[in-house]
There are 2 protein chains.
Amino acid sequence: MAAAKQINIAIIGAGGVGKCFLAQLEALAVRRPTLSLNLCYISTSKKALFNDAYTLNAGNVLQDLAASTKAPLGLPQIADYLSVSPSKVVLVDNTSSQDVADSYPVFLSRGISIVTPNKKAFSGSYKLWQDIFTAAANSGAKVYHESSVGAGLPVISTLKDLVDTGDEVTKIEGVFSGTMSFLFNSFAPVEGSGGNWSAEVAKAKELGYTEPDPRDDLNGLDVARKLTILARLAGLPVESPTSFPVQSLIPKELESVSSGEEFLQRLPEFDSQMEETKVAAQKEGKVVRFVGSIDVATKAVKVGLEKFDKSHPIAALKGSDNIISFYTKRYGSNPLIIQGAGAGGDVTAMGVTSDLLKVLAQIS
Amino acid sequence: MAAAKQINIAIIGAGGVGKCFLAQLEALAVRRPTLSLNLCYISTSKKALFNDAYTLNAGNVLQDLAASTKAPLGLPQIADYLSVSPSKVVLVDNTSSQDVADSYPVFLSRGISIVTPNKKAFSGSYKLWQDIFTAAANSGAKVYHESSVGAGLPVISTLKDLVDTGDEVTKIEGVFSGTMSFLFNSFAPVEGSGGNWSAEVAKAKELGYTEPDPRDDLNGLDVARKLTILARLAGLPVESPTSFPVQSLIPKELESVSSGEEFLQRLPEFDSQMEETKVAAQKEGKVVRFVGSIDVATKAVKVGLEKFDKSHPIAALKGSDNIISFYTKRYGSNPLIIQGAGAGGDVTAMGVTSDLLKVLAQIS
C-alpha cells in the first residue's frame, strides 16, 4: 500500500487534555509513520508556534511553545492560514472555549476537519449545531467529538451507530459526571450510610474531583450540556442546555456567595436537606443518584436526583465512573450499557486520538 | 456535497442474520439515497440472484431469490464476477462458513472489501488471520467484523480504539455467550437458589436460546473463538481456539451420544456435578459463571467456570446479556465495560450494517 499523503495537524489548547493528546499524537506518529502526520500549528491562549513551512520541530513542542515569542493567531487568521495549507488539515480543539466552538462552521466550510472534546460547540444554540453539520456536509470536511460525552468511552459513536443503522432509541439514562458519581457513591453508598453531604463535597474538592469552585459541578450544567448533545443525536431538536429541567444542588442562599471557599464553609448549614433526600430513599430500600435522562418518545429531557434500587447498575457504580444506558427497540428490555472512567486527561485525549484516526481513514 | 459513487453490495447467506441485514440494508438505501447502494449478488447455499447488469430488482429480493433457478457461483467465480464489477464492491458474508472465510484473502487481494459476523475467519488458524490482514493492507480493501464478538455491541471497535491510540490492554474478561449467560443467570441466580442444571438446559433449548444440539454451546468452543479474536486484536498471536484451556460442560460420558435429544435425556444423571460447583460457590457467598479471560501480560487465555462475588457486574448480569470488561493502563482499576444483548438477528445485523457504513465512509 502506498503511504498516505501528509496530513497537517493544528492544535488549539495545551492544558491537561491538550498535553495528554500531544503525547498520544507523538507516540502515534512514531508507531505508524505511514500516517504521515505533521504538526503545523499549536497555540495556548498566550503563545503559538507556526511558520511558513507548515512544519514544527517534532519532539520538543511544549518547550518550544513555552519559549515562543509569537502570540496566537486570531480565529479568522487561523482559518486563513490552514485553508492555504499545502496538505489536508485536521484542527484539534483541546479547549473548552465557546469562541473556538463558534468558529467551527467557518473552519468546516473551508474544508478543515475538526476533532475535539469541547462540549460547547454541540451543546450551545441549536442554530450553531445546525450550522456545524451543514458546513461539514457541504464541504465534505469531518467533525468528530467522542470525548464531549463520557470522555474516551464509546458513547457518541455507539449512539450514532444505533441511529445510523435504523434502530429506534427510546430512552437514554445515566450518570454523566465523574464528580457527581464520586459524590453520590460516597454520600449514599449501597452498603453503609456514607458521610455528610458537605464533608463529601469538601473531600471531592481536596482530591481534585471538582472544579476549583465546586458550584460549577453542582449546578448540573455540565450534565445538561452532555444530555443536550445526546438528545440532538437521538433526533430531538433541543434548543439549549437550559431549555429543559435541570436540578441544581446549590442551595439558593449560596448561589451568589462570592467564592468557592465561602460556599464550602457555609455548605454544612444545608446538610439536612440532602440528608432528608438520602433517608427517604433508604426507607424505600433505594439510593439516591444524580442522573440525566432522555425520553425520546415524550421528548422529555431532565437532569437531577433520582432513586434507584440497590441492585440497579446505576446504584452499583464505583469511584468516579460514568454509566450510560441506551434503551432501544432492537435491544428490548435490557439496555446496551457503557461504563467506565468518564473524565481524566488520558482517557479524554484517547477519545480525541481515536476520532483523529477515524478522520484520517476517510481523508487520507 | 456530490452524491457518492455507486457501491455494489454482494451478500452470501440469507438465514436469520442475513434476512435482518437485508431489511436493514433496504431501509438504509431508502433513508440515505446519496449512499447509492446497489445490490448486485445474493446467494444461499442452494440458490443465487445475479446478472450481467450487476443490478437486482430492489424490494422483492427474498421472493426473487426463492424463485431463482440459478445455483450459487463457486467462491472463485464470485471473486471473478465481483472483481470486474463496474463499481467498488463490498462483500457481506452472513454465513458461518469456514469455506467462505478461507476465501477472504482472495477477495481482499482483488480489492473487494468485506463486512461479516462470521467468526471463522478471525478465529481459525493464525496463518489465515495474517493472510486476511496482509491482503487488506496490500490492496487497500477494508475488512470489518464487529458482530463476530458480542453481536452489535461495540466490542471489537472499542478494543481497536484502545490499541490504536496506544493504551495498554492488560486484561479482558467477560461473559461472551448469550446461551451461557441465560443458563447461569437461571441456574445460579444472585437471589434464590435456581433450578437443576439439566432442567435449565432443557428450558433454554425450548426457548430457542441454544443450538439445535445444546452440546454445540456447552463445549465452550463458541466462547473460545471469540476469545481468540480479542486476544489477537490485543496483540497475542493465539494459534487457534483449541490452543488454550477451554472447559467443556459436556460430561465425558455424553460426548459421543448420537443426538441432542439423547444428550438432554441423559443429562439429569450428571446434575450432581454442577450442583456441587454451585453449592461450593454459595458457601463463599459467590455465584458461578461461565466466563472467558485474557491476561495479556502472562499471555494466558482461558474459558470456563469461575466464581464471582454477588456484587460483581458479571454476577449481576440479566437474561442472555453479554458483558465485556477491558482493563487497561489508562482506565486503571475500574475497567471499561460494555454490556447488553450479544446475540439475536437484529442486533447482529446491526453490527454488520454499521460496519458497512464505516467501510462506505472510506471507499466512497
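Just so you know, these numbers come straight off a predicted model, no measurement behind them.

**Q** I tried to follow the pairing of strand 9 (residues 300-309) of chain B on my own but got confused; where do I start?
**A** One face of the sheet, then the other: side chains in a regular strand alternate in exactly this way. All names here are of chain B. Relative to strand 9, strand 8 (residues 286-295) is paired through 10 bridges, and the arrangement is antiparallel. Paired with I294 across the strands is V301, a residue of strand 9. The hairpin turn running from strand 8 into strand 9, its antiparallel successor, is four residues long, and K299 in that turn takes a positive phi close to 60 degrees.

**Q** What am I meant to see in the UniProt feature "binding site: NADPH" (unreviewed entry) in chain A here?
**A** Residues and elements named next belong to chain A. Feature annotation in UniProt places "binding site: NADPH" (unreviewed entry) on T95 and K119, given in this structure's numbering. Separation in sequence by 25 residues is not matched in space for these annotated residues, since their most distant C-alpha atoms are only 9.4 Å apart. Looking at the element boundaries, T95 is found in the loop between strand 4 (88-93) and helix 4 (98-102). Ignoring anything within four residues of it in the chain, the contact list for T95 reads I12, G13, V100 and N118. Among the polar contacts made by the side chain of T95, one reaches the side chain of D93 at a distance of 2.6 Å. Within the secondary structure layout, K119 lies in the loop between strand 5 (113-115) and helix 6 (120-123). Taking the relative accessible area as the measure of exposure, K119 reaches 22% and is therefore partly exposed.

**Q** Help me out: how do you make sense of the pattern of salt bridges in this one?
**A** When the charged atoms of two side chains with opposite charge come close together, those side chains can pair. What the rule picks out here adds up to 24 salt bridges over all chains. Across the salt bridge formed by A:D213 and A:R215, the nearest N and O atoms sit 2.7 Å from each other. A:R215 matches A:D213 in its accessibility class, with the two residues each being buried. Among the ionic pairs, B:K171 bridges to B:E173, the shortest N-O distance being 3.9 Å. On the basis of relative accessible area, B:K171 is assigned to the partly exposed category, the value being 29%. Connected via shared salt-bridge partners are A:K119, A:D222 and A:K226.

**Q** What am I meant to see in the relation of the copies chain A and chain B here?
**A** Mapping one chain copy onto the other needs a rotation about an axis and a shift along that axis. When chain A is fitted to chain B, the best match, at an RMSD of 0.1 Å, comes from turning it 180 degrees and sliding it 0.0 Å along the axis. The two molecules are tied by a two-fold rotation axis, judged by turn and shift. A high fraction, 100%, of the interface residues of chain A reappear at the interface in chain B, so the copies pair face to face through one surface.

**Q** What exactly am I supposed to notice about the interface of chain A and chain B here?
**A** In many analyses, interface size is given as the accessible surface area lost on bringing the parts together. On the side of chain B, 40 residues touch chain A, which itself brings 40 residues to the contact. Between chain A and chain B lies a buried interface of about 3200 Å² when both sides are counted; carbon and sulfur atoms form 56% of it. Interface area lost by chain A to chain B is led by A:R330, A:Y331 and A:M350, which between them contribute 18%. There are two salt bridges connecting chain A and chain B. Between B:D161 and A:K358 there is a salt bridge, with the nearest N and O atoms lying 3.0 Å from each other. Taken together, the links from chain A to chain B amount to 10 residue pairs in polar contact (both at pLDDT 80 or more). Listing elements by their share of the side of chain A that touches chain B, those giving two or more residues are helix 1 (16-31), helix 7 (126-139), helix 8 (156-164), strand 11 (336-341) and helix 15 (345-363) of chain A.

**Q** Just checking my understanding: could you explain the packing of helix 8 (residues 156-164) of chain B against helix 12 (residues 221-233) of chain B for this structure?
**A** Each pair of packed helices can be described by the angle between their axes along with the distance between the axes. Residue and element names in this part refer to chain B. In the contact formed by helix 8 and helix 12, the axes pass within 10 Å of each other and the chain directions differ by 20 degrees. Judged by the angle between their axes, helix 8 and helix 12 are roughly parallel. Here the hand of the crossing between helix 8 and helix 12 comes out right-handed. Where helix 8 approaches helix 12, its residues I156, L159, K160 and V163 are matched on the opposing element by I229, L230 and L233. The residue inventory of the contact of helix 8 with helix 12, partitioned by class, reads six nonpolar, no polar and one charged.

**Q** Just checking my understanding: could you explain helix 8 of chain B for this structure?
**A** Helical geometry note: an α-helix holds 3.6 residues per turn, so side chains three or four residues apart project in the same direction. Residues of helix 8 of chain B that are buried: B:I156, B:T158, B:L159, B:D161 and B:L162. Taken together, the buried residues of helix 8 of chain B touch helix 15 of chain A together with strand 7 (169-175), helix 12, strand 10 (321-328) and strand 11 (336-341) of chain B.

**Q** Any chance you could explain the sheet that holds strand 3 (residues 48-50) of chain A here in plain terms?
**A** Through backbone hydrogen bonds, the strands of a sheet pair up, either in parallel or in antiparallel fashion. Residues and elements named next belong to chain A. In spatial order, the strands read 3-2-1-4-5-6; together these six strands make up an open sheet with mixed pairing. Each edge of the open sheet carries a strand with a single partner, namely strand 3 and strand 6 (143-144). Here three bridges tie strand 2 (residues 37-43) to strand 3, and the two strands are oriented antiparallel to one another. Looking at the pairing, Y41 lines up with F50 of strand 3.

**Q** I keep staring at the nonpolar core and nothing clicks. Help me out?
**A** Nonpolar side chains in soluble globular proteins generally cluster together in the buried interior. A:F184 and B:F184 are the most contacted members of the largest nonpolar core, which has 172 residues in total. In terms of nonpolar packing, the next biggest core, distinct from the first, is built from 28 residues, B:L25, B:L49, B:V61 and B:L356 among them.

**Q** Would you explain the sheet that holds strand 3 (residues 48-50) of chain B in this entry?
**A** Residues and elements named next belong to chain B. The six strands lie next to each other as 3-2-1-4-5-6, forming an open sheet whose pairing is mixed. On the outer flanks of this sheet lie strand 3 and strand 6 (143-144), each paired with one strand and no other. Bridge count between strand 1 (residues 7-12) and strand 2 (residues 37-43): six bridges; the pairing is parallel. From the neighbouring strand, I9 faces strand 2, where its bridge partner is L39. Across the sheet, helix 15 (residues 345-363) touches strand 1, strand 2, strand 4 (88-93), strand 5 (113-115) and strand 6, and the angle it forms with strand 5 is around 160 degrees.

**Q** Explain the environment of A:Q273 to me, please; I cannot follow it from the model alone.
**A** Inspection of the secondary structure puts A:Q273 in helix 14 (residues 271-283). Along the backbone, A:Q273 and A:V149 are 124 residues apart, and their C-alpha atoms lie at a distance of 30 Å.

**Q** How should I be thinking about the packing of aromatic side chains in this particular structure?
**A** The description of an aromatic ring pair rests on the distance of the ring centres and on the angle between the ring planes. Tallying each qualifying case throughout the model produces 24 aromatic pairs over all chains. With a centroid separation of 4.4 Å and an interplanar angle of 10 degrees, the aromatic rings of A:Y54 and A:Y81 are classed as stacked. Of this pair, A:Y54 sits in the loop between strand 3 and helix 2 (61-67) while A:Y81 is found in helix 3 (residues 75-83), placing the two residues 27 residues apart along the sequence. With respect to class, A:Y54 is no different from A:Y81; both count as buried. Taking 6.4 Å as the distance between ring centres and 90 degrees as the angle between the ring planes, the aromatic pair formed by A:F122 and A:W129 counts as edge-to-face. Judged by its relative accessible area of 0%, A:F122 is buried. Looking at A:W129, the relative accessible area reads 10%, which means it is buried. Taken together, the aromatic side chains of A:Y41, A:F50, A:Y54 and A:Y81 make up a single cluster linked through ring pairs. Over the aromatic face of A:Y144 sits the side chain of A:K160, whose NZ or CZ is 4.9 Å from the ring centroid. The positively charged end of B:K171 is found above the aromatic ring belonging to B:Y327, 5.2 Å away from the centroid.

**Q** Sorry if this is basic, but what is going on with unusual backbone geometry here?
**A** Most peptide bonds adopt trans geometry, and most residues besides glycine take a negative phi value. Residue and element names in this part refer to chain A. Residue A151 is not a glycine yet carries a positive backbone phi of 50 degrees. By relative accessible area, A151 is classed as buried at 3%. In this structure, K299 is a non-glycine residue whose phi angle is positive, near 55 degrees. Residue position: K299 is located in the loop between strand 8 (286-295) and strand 9 (300-309).

**Q** I would appreciate a short explanation of the environment of B:L360 in the present structure.
**A** Residues and elements named next belong to chain B. Locating L360 in the fold gives a position in helix 15. The class of L360 is buried, set by a relative accessible area of 3%. Taking C-alpha positions, L360 is 9.6 Å from K142, a pair spaced 218 residues apart along the chain. Residues in contact with L360, not counting those within four places in the same chain, are I7, L35 and L37.

Criteria and cut-off values
- All residue numbers refer to positions counted from 1 along the written sequence of the respective chain.
- For this description, chains carry letters from A and ligands carry numbers from 1, given in the order in which they are written.
- For a predicted model such as this one, the threshold for reporting local features is a pLDDT of at least 70, and the threshold for listing and counting side-chain atom pairs is 80 or more; totals across whole chains, interfaces and linings nevertheless cover every residue.
- Hydrogens and water molecules were not included; the side-chain quantities draw on all heavy atoms of the structure.
- The pairing criterion for strands is at least two bridges between them, as found by DSSP.
- Put simply, DSSP marks the helices as runs of H or I at least four residues long and the strands as runs of E at least two long, and each gets a number from the N terminus on.
- UniProt positions are given in the numbering used here, feature names are shortened, and annotations may be inferred rather than shown by experiment.
- Should any heavy atoms of two residues lie within 4.5 Å, those residues are considered in contact.
- Contacts described as polar in this section are N or O atom pairs within 3.5 Å, which, within protein, must combine one atom able to donate a hydrogen with one able to accept it, while residues neighboring in sequence count only if both atoms come from side chains.
- For every residue, the accessible area obtained with a 1.4 Å probe (protein chains only) is divided by the maximum for its type, and the residue is called buried under 20%, exposed over 50%, and partly exposed between those limits.
- Each reported salt bridge corresponds to a side-chain nitrogen of Lys or Arg within 4 Å of a carboxyl oxygen of Asp or Glu.
- In this comparison the copies share one frame, found by least squares on the C-alpha atoms of residues holding pLDDT of at least 70 in both.
- Joining two parts hides part of their accessible area as seen by a 1.4 Å probe, and the buried area is that hidden amount summed over both.
- Interaxial angles span 0 to 180 degrees and are taken between N-to-C directions of axes, which are lines fitted to C-alpha atoms, for helices over the stretch in contact.
- Here is the rule for angles: anything less than 35 degrees is roughly parallel, anything more than 145 is roughly antiparallel, 65 through 115 is roughly perpendicular, and the remaining ranges are oblique.
- Handedness of a helix crossing follows the sense of rotation of the near helix relative to the far helix, less than a right angle counterclockwise being left-handed and clockwise being right-handed.
- Throughout this entry, Asp, Glu, Lys and Arg are counted as charged residues, while Ala, Val, Leu, Ile, Met, Phe, Trp, Tyr, Cys and Pro are counted as nonpolar. The remaining residues, Gly among them, count as polar.
- Definition of nonpolar core: a set of buried residues of the types Ala, Val, Leu, Ile, Met, Phe, Trp, Tyr and Cys, connected through side-chain atoms within 4.5 Å.
- Ring pairs are drawn from Phe, Tyr and Trp, using the six-membered ring of Trp, whenever the two centres fall within 6.5 Å, and their geometry is named by plane angle: stacked under 30 degrees, edge-to-face over 60, tilted for the rest.
- Either the NZ atom of lysine or the CZ atom of arginine qualifies as a charge over a ring when it sits within 6 Å of the ring centre and within 35 degrees of the ring normal.

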